[in-house]
Amino acid sequence: MNLLTVVLFLPLIGFLVALFLPRSSPQASRNWAIAISLITFLVSLALPATFDRATAGEQFKIDTIWIASPEIHFYIALDGVGLWLVLLSTLLTPICVLISWRYIQNRVKEFYAFLLLLEVGLIGVFIAQDLFLFYVFWEVSLVPMYFLVGIWGHERRIYAAVKFFLFTMAGSVLMLAAIIYLYNRAGTFSYPAILSMLSNGRLMFAPAEQMLLFLAFFIAFAIKVPIFPLHTWLPDAHVEAPTAGSIMLASVMLKMGTYGILHFCLPLFPSASRTCAPWIVVLAIIGIIYGALVSLVQPNMKKLVAYSSVSHLGFVILGIFSFTQLGLDGAVYQMLNHGISTGALFLLVGLLYERKHSLEIADFGGVATPAPWLSTAFLITTLASIGLPTLNNFVGEFLVLQGAAIANYKWAVFAAIGVILSACYMLWLYQRVFFGETSEEVRAHMPDMNLREWAAIVPLIVMMVWMGVYSQSFLPPVTKATARVLDQAQVNVPFRVQLERFRAATARERSAAAEVARAGR
Amino acid sequence: MPAGNFFNAGDAIRFLPEIILTIMGTVLMVLDPVVHRRNSNLFGTLSILSLIAALFGSVAAYAQAGPAFGGMLMVDGFATFFRILVIVVGILTVLPSYRFLARQDAETSEYHALLLYSIAGQCLMAAANDLIIIFIGLEISSIASYVLAGYLRDDKRANEAALKYFLLGSFATGFFLYGVALIYGATGSVNLPMIRAAVTGAGAPSPVFVGVAAALMFVGLGFKVSAAPFQVWAPDVYQGAPTPVTAFLSAGPKAAAFAIFLRIFMTAFEPIGNGWEPLVWISALLSMTIGNFAALLQSNVKRLLAYSSIAHAGYVLVALTARSDVGTAAAMFYLAAYAFMNIGAFAVVSHLSGKDERYQNVDDFAGLGQKQPMTAAMLSIFLLSLIGVPLTGGFFGKFYIFKAALESHLVWLTVLGLLNSAVAAYYYLRILVMMYMHEPSEAALKAEPLSPGLSLALIVPAIGTLFLGIFPGWVLDFADKSSSLVK
């Protein structure tokens, strides 16, 4: 039995069973959800344990035919990037179940069913190697998130959910067109097969063709990341979502976009990616600074964290489009970091909301007195998010900035402003919420963390420290995978350049010959 | 063609579904005065049994595949696909009708008889290979549908719908007949393969003549499939007609009309494809755009689904624009998927709307997810399929259509069509939002529990929708196999 298939299908089975649990007993749904998500997580731990770190290629590969004509395969495999993203998903799902334990009291059964379905979609996106299958998982993950935001969210949840759905849908239909086009050109949906056809020259795109295909994929991913100026759905969706929805959205779902750019856009359309890189980098830097500035003035905690995501994801994009090994490694590492630390931030903000039923920063103050442990956890997370050395974000940001500096020094300078600003808004947030006078109301509503909440936050804090202190546990497989991406992004370019030169030369020869013939006549 | 064996046993078998349906329709008519009124479940059951018999009849006919009646009928995979499709649509129409007719106190046998006649006409259309037979099938199907649309004779809107449908429908049929007459004058034949031969062979008639004939037929058929710019009747008729009839109209006659559309344009007029492709291109784009954008503004669910039905006709026209066997197969697959999801959606509307169809607004769906989770879940499947979310038949159908279009280098049509389907997501989502994200409304509170017939009418299309989305291979293979029409 293929381990990866088990990891993918366990939550699916969990979802199907959850549908048939009795509505009258919400506790049964909770127990089932925590059990199945924990089992999935434990099984998924075997993935890094048995992952062969020496090879760059796909592992745990399984490839069976799903639909005969057009030939669509159920083709899943794992590379060094997908490995950690799958683990991120399986780690965060049980945490989300725990954090929703008391918060979700309404339609409990459906909530956990959707959460498990979401996990299936997210894992699937990171392991699908068949473009059609990828699209299926991409869209499947959209539906449960739509319901999570729309049913269990805050006041403006419907607006946020519909906006989220439509933005993503608009982007992904373009990607669907591009996928079909690729299939008609290559005759297969298999992503590795298309790549090998590209590298041996059996499949080639004209420059304009490549550019359009690149844009079709890129816009779909850019909406998901989100890259400025396509980010407007994000603050709405994050603020309105229930805590578990925010965590999954920020920590894993946004990574679908960056993963897509890294995994598909660069190797498939290398020259278009390079042509667009300066423009995209500018957008990324605008995103970094703009996101940070908006965070600075947010009166709403969740919105602040949401805009900080725009800023952090800008780093990821910057790293990817620096086209350097360090930059790509940093980008992937930053994807994971953001998943852990922003997930933790949303979780802690969720805890504050559960206690005081407010997200306004002004309603808090002096929380550190009644809830010292909560404050400590928040402080560690804040410092991680800022990028304090020995905590995770520092490693990622450092690598990205280094990579960007190699590509173009100015990029690094501007992006570094974002790092400074992140310290400003996060520390200021911390100060306003946790220090100062403790009002009577805050004191009355602010018990410290209980065991369940501890269980949810501790794994994340452990990860922050581990990833900050010993990145070597994580980086080597990533480096292998990103090196291969870089390699593909390079191999495919010169070949085509040569070919175009060759074509131009033959055209010139032909016209010269025609000239001679005309002169002869 | 040999005139000697104009009628034989093989021909009768190839004609079996029509024979069964016509006889049973007549039997039902005769039974009406004989049977006690209160026992009228009998009619529904009888008509379901006849439809099942016709289903077996179509399979038997396919076992004897080949031309019948001297080439007037062509029983091939294509014909069988559509015969089975319209018969299944018929069954799924009768199932929710039990409760509906009882609620309206209108349980007569003529409803079922008309339904059977209409389906017989559509079966004939599916198998017709001759313009006269096509016309006869079209008329049988249409006239029965006109009456069905006005079946609730005390309802003003139903009357308006029926009258409008009848007047515009006859007008459109007139156009079609004009085309037939012209083409007969030009080529001396009404048989599709012979027309094709005459159009391409030596001494071909003037292209203007053939072109005008094709255009006239396009107008007639465009009306029948509610393609823009001949779509104006659809919203009023769909809204006014009794809901089960609307469900039927949007699936059965539409599928059959597309069957003859494909049959005529992919056989007889295929050689002049370069001429009609731009027309269909424009019509496809107009249908998608008008349908989707108009649907955004609707508050009545039946009307909303009517506009969505126009948009979906546009998607199928995209497949026709591709002018390839893959396109034909895509259209066939899509029509099957569409029949399931649409008839399922209408069944929910019919269930919820209550006596005299009081609750038909999008707002009336509020809270259905809390009050009737099962019904809401089914409707969600249909709506997600209409949006085109993967793992549903609607997605795979759309995927296959646009794949065919891209293969035929219709890049712009594909991009515009796909963007259209993103717009469409908005109005389907409105219903989902209402069902799950609002407090229960009066309609949801008053909704009766699902009757067994209605449950079946929901579960079967839901399973069909998911099956076509997850394992499309089976239907797709059959569509692929039968998409190269006899020429």
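Since this is a predicted model, take the numbers as computed values, not measurements.

Cut-offs applied
Residues numbered from 1 in each chain as written. Chains lettered and ligands numbered in written order. Predicted model: local features only at pLDDT ≥ 70, side-chain atom pairs only at ≥ 80, totals over all residues. Helix = DSSP H or I, 4+ residues; strand = E, 2+ residues; numbered from the N terminus. Rg over C-alpha atoms; globule rule 2.2 N^0.38 Å. Contact = placed C-beta atoms within 7 Å. Nonpolar A, V, L, I, M, F, W, Y, C, P; charged D, E, K, R; others polar. Expected span 1.5 Å × (residues − 1). pLDDT = per-residue confidence, 0-100. Core = buried A, V, L, I, M, F, W, Y, C linked by C-beta atoms within 7 Å. Buried ≥ 20, exposed ≤ 12 C-beta atoms within 10 Å, placed from the backbone. Domains from an automatic or database assignment.

A. Highlighting the overall build of chain B. Secondary structure assignment for chain B yields 21 helices and two strands. Rg of the C-alpha trace for chain B: 21 Å, near the compact-globule value of 23 Å for 487 residues, within the 12% margin. In terms of its C-alpha atoms, chain B occupies a principal-axis envelope of roughly 70 × 55 × 40 Å. When contacts within chain B are restricted to residue pairs at least 6 apart in sequence, long-range pairs at least 24 apart make up 81% of them.

B. Structural context of unusual backbone geometry. In this model, A:V225 is joined to A:P226 through a cis peptide bond whose omega is -10°. Relative to the helices and strands, A:P226 resides in the loop between helix 9 (207-224) and helix 10 (233-240). The linkage connecting A:F228 with the following residue, A:P229, adopts the cis geometry, with an omega of 5°. Among the secondary structure elements, A:P229 is positioned in the loop between helix 9 and helix 10. Phi at B:H409 is positive, roughly 65°, even though this residue is not glycine. The topology assignment puts B:H409 in the loop between helix 17 (393-407) and helix 18 (411-437).

C. How the structure looks around the interface of chain B and chain A. Contact with chain B, which involves 25 residues of that partner, is made by 27 residues of chain A. Sorting the residues of the side of chain B that touches chain A by element identifies helix 17, helix 18 and helix 21 (473-482) of chain B as the ones contributing at least two each. Here the side of chain B that touches chain A gets 12 residues from one element, more than from any other, and that element is helix 18 of chain B. For the side of chain B that touches chain A, the class distribution of residues is 18 nonpolar, three polar and four charged.

D. Inspection of helix 14 (residues 325-353) of chain B at higher detail. A rise of 1.5 Å per residue sets the reference length of helix 14 of chain B, with its 29 residues, at 42 Å; its end C-alpha atoms lie 41 Å apart and thus fit the reference within 8%. The first or second residue beyond helix 14 of chain B is B:G354, which carries a positive phi of 75°.

E. Expanded view of the environment of B:V208. Tracing the backbone through its elements, the reader meets B:V208 in helix 9 (residues 207-224). In the structure, B:V208 is positioned 192 residues away from B:Y400 in sequence and 34 Å away in space, judged by C-alpha atoms.

F. Molecular detail of the confidence of the model for chain A. Summarising the model, chain A shows a mean pLDDT of 87, and 96% of its residues fall at 70 or more. Between the elements of chain A, mean pLDDT differs from a low of 72, seen in helix 20 (residues 475-520) of chain A, to a high of 92, seen in helix 5 (residues 131-140) of chain A.

G. Here's a closer look at the nonpolar core. Formed by 408 residues in total, the largest nonpolar core has its most connected members in A:A177, A:F217, A:L318, B:L85, B:F333, B:Y334 and B:L335. Examining the composition of this core, we find that 21 residues originate from one element, helix 14 of chain B, more than from any other. Two domains each put at least three residues into this core: domain 1 (1-268 + 476-521) and domain 2 (272-473) of chain A. Those residues in contact with B:L85 that sit more than four places away from it in its chain are B:A255, B:L335, B:A336 and B:A339.

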